[in-house]
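# Structural features, examined
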Amino acid sequence: MERTLIIIKPDAFQKGATGKIIDRFIEEGFRILAMKLFRFSKEQAEKFYIVHKDRPFYSELVEFMTSGPVVACVLEGENAIKRVRDIIGPTDSEEARRVAPSSIRALFGTDKGKNAIHASDSKESADYEIPFIFSRLELVE
Ligand code: RTP
Ligand code: MG
């Protein structure tokens, strides 16, 4: 069993896609261990995405992630990190519509910046991201 973090980004939350996205993961067989609605401060978003601090899109990414509320969930399942990445689709939502039309980014994203959802991309990322957002008490047994 593996755990991964997803964040429904401000664009998807704003367009009312939260329920559909969560439903998709339930239908795909994942167990929800934790869930939270919140808005990132600039400092929190900078720290969450610290791996991207030298990338040209970093400030744009932080601005986007702080632009409205988000919903974060911890999902558990076999091979969850890879399977969730497959379900969300490629980073660029336009590419997602070409290569993975039923992916979450194809359905709810706009482009490569506003792309509806975040998901941990490795065990190392999940181990950083899950305790960043949730305390141990907030995860169900
Ligand atoms: P995420 O971390 O949000 O799950 O996305 P990802 O792994 O598919 O993509 P990553 O390379 O980690 O990029 C993180 C987020 O930064 C924004 N981005 N903008 N304008 C651009 O060229 C650009 N490239 C990336 C996206 O919101 C992306 O999800
Ligand atoms: Mg990433």
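Residues numbered from 1 in each chain as written. Chains lettered and ligands numbered in written order. Predicted model: local features only at pLDDT ≥ 70, side-chain atom pairs only at ≥ 80, totals over all residues.

## Remarks on the UniProt feature "binding site: ATP" (unreviewed entry) in the chain
Feature annotation in UniProt places "binding site: ATP" (unreviewed entry) on Lys9, Phe57, Arg85, Thr91, Arg105 and Asn115, given in this structure's numbering. You can see Phe57 is positioned in the loop between helix H3 (42-48) and helix H4 (58-65). Along the chain, Arg105 turns up in helix H7 (residues 104-108). A residue is classified by how many C-beta atoms lie within 10 Å of it, and Arg105, with 27 of them, is buried. What Arg105 contacts, discounting residues up to four positions off in sequence, is Ile88, Gly89, Pro90, Ser93, Ala96, Asn115, Ala116 and Ile117. (UniProt positions renumbered as here; feature names shortened; annotations may be inferred. Helix = DSSP H or I, 4+ residues; strand = E, 2+ residues; numbered from the N terminus. Buried ≥ 20, exposed ≤ 12 C-beta atoms within 10 Å, placed from the backbone. Contact = placed C-beta atoms within 7 Å.)

## Some points on unusual backbone geometry
Backbone geometry at Asn79 places phi at a positive 55 degrees, although glycine is not the residue there. The residue Asn79 is located in the loop between strand S3 (70-77) and helix H5 (80-88) in this model. The exposure class assigned to Asn79 is exposed, which follows from the 11 C-beta atoms found within 10 Å. In this structure, Ala116 takes a positive phi of about 70 degrees despite not being glycine. You can see Ala116 is positioned in the loop between H7 and strand S4 (117-119).

## Some points on the site of ligand 1
Every residue near ligand 1 is listed here: His52, Phe57, Glu60, Leu61, Thr91, Lys112, Gly113, Asn115, His118, Ala119 and Asp121. Every element with two or more residues in the shell around ligand 1 is listed here: H4 and S4. Class assignment of the residues belonging to the shell around ligand 1 gives a composition of three nonpolar, five polar and three charged. (Near = placed C-beta within 6 Å. Nonpolar A, V, L, I, M, F, W, Y, C, P; charged D, E, K, R; others polar.)

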